[in-house]
Amino acid sequence: MSSDSTPGEASSAVSTADAAETESALDTARRQLARAGEHVEIDPNVVERLAHPNAVHEVSIPLERDDGIVEVFTGYRAQHDSVRGPYKGGLRFHPGVTHDECVGLSMWMTWKSAVLDLPFGGAKGGIVVDPKELSADENERLTRRFAQEIRDVIGPNRDIPAPDMGTDAQTMAWIMDVYSMQQGETTPGVVTGKPPVVGGSYGREEAPGRSVAIVAREVCKYYDRSLAETTVAVQGFGSVGANAARQLDDWGASVVAVSDVNGAVHDPAGLDVHAIPTHEEEPEAVTAGVDDVLPNEKLLKLDVDVLIPAAVGNVLTEANAGDVRADLVVEGANGPTTSAADTVLDDRGVPVIPDILANAGGVTVSYFEWLQDINRRAWTLEEVNEELEAEMLAAFEDVRTQVDERGVTWRDAAYIVALSRLAAAQEARGLWP
Ligand code: GLU
């Protein structure tokens, strides 16, 4: 099954994360929360509540393999916070999925929704499985049974899954089908990132990469850098990396390096990124037939203006952050920078534009999809992209204001925006009972 329509894609992944520095997504998310909590006048009780997920559902999913043998897989749905609206976030099918990873990623979804001021909370889930080892039929059976196991805790007003690593529009269509059949009514709003024929939104697939490009463009403008004179290296050529690279190329930037799991291609004169197939179009096509493939680790250290890690988490670590030569980092993947690397980059004066702002186009167009489902009326691609541009510019402006007013990092600024909104909502609703 093809995969990846959202940040953090495994299939275009790299294996460069420093084994010596394996910070879990939960560790990183908690450290970031504690750090941001120090910068802003937020009641410590609010921070304490947000350091814990509301619930984590763990299920066993029996699958009859094609050879008749039954195997049991483990699935999770972490629901972090819903004070501002229904839980929202992706489902990943990946061998590295753990309880803690789901919790950490669900926390990032809460901040992401709040930074974009969307009426959603945060969730994340998945199955511990390598989807590449399943046949198409097995994948469908596994997805359907998982949907059945989590059916009671999801719903269009409760918790709305979306694609993430190893899942795609088809996965969402199967979940929508299971849910709808059991409810006795077609319920498109239970998932987002569906195919448009069953209520999916145009532009949803491209949205995370598009928002990365919008944010990169805006931050270049902020630092008085013309896109026409900007060189970009993109790690990962799945949906996020490829769409970001192509959009930046269209806007005049020079994308000089891109990569897949086998390594990177580099041309200081600029690559024709429209001619390179994305991971979904043809897996590992970036390096296919190329003689001088650069190790992925080297891509991170290229002398470029903008570095976009858009593959997996934890690729910028304490060990390599000192060697990053880019002037700006824009996070395409979820959690590509460890806390230690963040400190190194901050000390060196390299701004890091965080995932919870940069790749939030995915959940933003998910919100548009949910609205279209409620209204039973589809928007055109032009309408989606126009609205996405407006939402991203507004969020960028909110974060930029904090950067300028408080002199904090872009990540802290995004957390301050998110935490302020969450704290206000918590205060308005109170603690029940
Ligand atoms: N999985 C995506 C993310 O990490 C999108 C989640 C959604 O659209 O709900 O942002």
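I will try to describe carefully the structure that is included in this document. Computed from a prediction, not measured in an experiment: that's the story for all the values here.

Criteria and cut-off values
- Residues numbered from 1 in each chain as written.
- Predicted model: local features only at pLDDT ≥ 70, side-chain atom pairs only at ≥ 80, totals over all residues.
- Heavy atoms only, no water.
- Helix = DSSP H or I, 4+ residues; strand = E, 2+ residues; numbered from the N terminus.
- Buried < 20%, exposed > 50% of the residue type's maximum accessible area, 1.4 Å probe, protein only.
- Contact = heavy atoms within 4.5 Å.
- Areas by Shrake-Rupley, 256 points an atom, 1.4 Å probe, with all protein chains shown as cover.
- Lys, Arg positive; Asp, Glu negative; His and termini not counted.
- Charge placed at Lys NZ, Arg CZ, Asp CG, Glu CD.
- Core = buried A, V, L, I, M, F, W, Y, C linked by side-chain atoms within 4.5 Å.
- Near = heavy atom within 4 Å.
- Polar contact = N/O pair within 3.5 Å; in protein donor to acceptor, adjacent residues only side chain to side chain.
- Phe/Tyr/Trp six-rings, centres within 6.5 Å; stacked < 30°, edge-to-face > 60°.
- Expected span 1.5 Å × (residues − 1).
- Arc of directions from axis to C-beta.
- Pairing = 2+ DSSP bridges.
- Axes fitted to C-alpha atoms, helices over the stretch in contact; angles between N-to-C directions.
- Salt bridge = Lys/Arg side-chain N within 4 Å of Asp/Glu carboxyl O.

### Regarding the overall build of the chain
For step 1, the next point in the chain: Helix and strand counts for the chain come out as 13 helices and 11 strands.
For step 2, the next point in the chain: Looking at the chain residue by residue over its 433 residues, the buried ones come to 60%.
For step 3, the next point in the chain: In the chain, of all internal contacts separated by at least 6 residues, the share reaching a separation of at least 24 is 72%.
For step 4, the next point in the chain: As displayed, the chain has an accessible area near 16400 Å², and 47% of this comes from carbon and sulfur atoms.
For step 5, the next point in the chain: When the 35 positive and 72 negative side-chain charges of the chain are each reduced to one mean point, those points stand 5 Å apart.

### Here we look at the nonpolar core
For step 1, the next point in the chain: In terms of nonpolar packing, the biggest core is built from 88 residues, with W111, V115, V258, I308, V330 and L357 touching the most fellow members.
For step 2, the next point in the chain: For this core, the leading source of residues is helix α13 (residues 410–429), giving 11 residues.
For step 3, the next point in the chain: When near neighbours in sequence (up to four residues on either side) are disregarded, I308 contacts V212, V232, A233, V234, Q235, L248, V330 and G332.
For step 4, the next point in the chain: One finds V59, I127, M172 and Y179 within the second-largest nonpolar core, a separate group that totals 22 residues.

### Thoughts on the site of the ligand
For step 1, the next point in the chain: The immediate surroundings of the ligand are formed by 16 residues, with K88, K112, D164, N334 and S366 found nearest.
For step 2, the next point in the chain: Measuring from an oxygen atom of the ligand, one finds a side-chain N or O atom of K112 at 2.7 Å.
For step 3, the next point in the chain: Within the backbone of P163, a nitrogen or oxygen atom sits 3.1 Å from a nitrogen atom of the ligand.
For step 4, the next point in the chain: Here the ligand loses 100% of its free accessible area of 290 Å² to cover by the protein chains.
For step 5, the next point in the chain: Going through the elements one at a time, β3 (87–94), α3 (99–115), β5 (159–163) and α11 (361–375) are the ones with two or more residues in the shell around the ligand.

### Quick look at the packing of aromatic side chains
For step 1, the next point in the chain: Under the definition given, this model contains 10 aromatic pairs.
For step 2, the next point in the chain: Seen from their ring centres, Y367 and F368 are 6.2 Å apart, and the 45 degrees between their planes marks the pair as tilted.
For step 3, the next point in the chain: Overall, the relative accessible area of 1% leaves F368 in the buried class.
For step 4, the next point in the chain: One aromatic cluster is present, built from ring pairs that chain together F120, Y367, F368, W370 and W379.

### Describing the side chain of Q32
For step 1, the next point in the chain: Within the fold, Q32 resides in helix α1 (residues 25–39).
For step 2, the next point in the chain: Setting aside residues no more than four positions away along its own chain, Q32 makes contact with W108, D342, R411 and Y415.

### What to know about helix α4 (residues 136–150)
Every α-helix carries 3.6 residues per turn, so stepping three or four residues along brings you back to the same face.
For step 1, the next point in the chain: Here α4 spans 21 Å end to end across 15 residues, near enough to the 21 Å set by a 1.5 Å rise per residue.
For step 2, the next point in the chain: Those residues of α4 that fall on the buried side of the exposure criterion are E138, N139, L142, T143, F146, A147 and I150. The buried residues of α4 all sit within an arc of 165 degrees when viewed along its axis, so they share a single face.
For step 3, the next point in the chain: Contacts from the buried residues of α4 go to β1 (55–64), β2 (70–81), β3, β4 (122–128) and α5 (169–183).

### Things to note about the sheet that holds β1
For step 1, the next point in the chain: Read from one edge of the open sheet, five strands run β1-β2-β4-β3-β5, paired in mixed fashion. Each edge of the open sheet is held by one strand with a lone partner, namely β1 and β5. Neighbour to neighbour, the strand axes of the sheet diverge by 25 degrees on average, direction disregarded.
For step 2, the next point in the chain: Bridge analysis of β1 against β2 gives 10 bridges, and the strand direction is antiparallel. The residue of β2 that forms the bridge with H57 is R77.

### Remarks on the pattern of salt bridges
One side chain can pair with another of opposite charge once the charged atoms of both are near each other.
For step 1, the next point in the chain: Throughout the structure, instances matching the rule amount to 30 salt bridges.
For step 2, the next point in the chain: A salt bridge links K221 to E218, with the nearest nitrogen and oxygen atoms 3.3 Å apart. Taken together, the residues span about one helical turn, with K221 and E218 both in helix α6 (residues 207–222) at a distance of three residues.
For step 3, the next point in the chain: In this structure K221 comes out as exposed when scored by relative accessible area, which is 54%.
For step 4, the next point in the chain: Here E397 makes a salt bridge to R400, at a shortest N to O gap of 2.4 Å. Linking E397 with R400, this pair stays in helix α12 (residues 381–406), spanning three residues, or about one helical turn.

### Regarding the environment of R225
For step 1, the next point in the chain: Examined against the element boundaries, R225 turns out to sit in the loop between α6 and β6 (231–235).
For step 2, the next point in the chain: Between the C-alpha atom of R225 and that of G189, which follows or precedes it by 36 residues, the distance is 41 Å.
For step 3, the next point in the chain: Apart from residues no more than four positions distant in its own chain, R225 is found in contact with C220, T230, D305, D327 and L328.
For step 4, the next point in the chain: Side chain to side chain, R225 and D327 meet in a polar contact 2.8 Å long.

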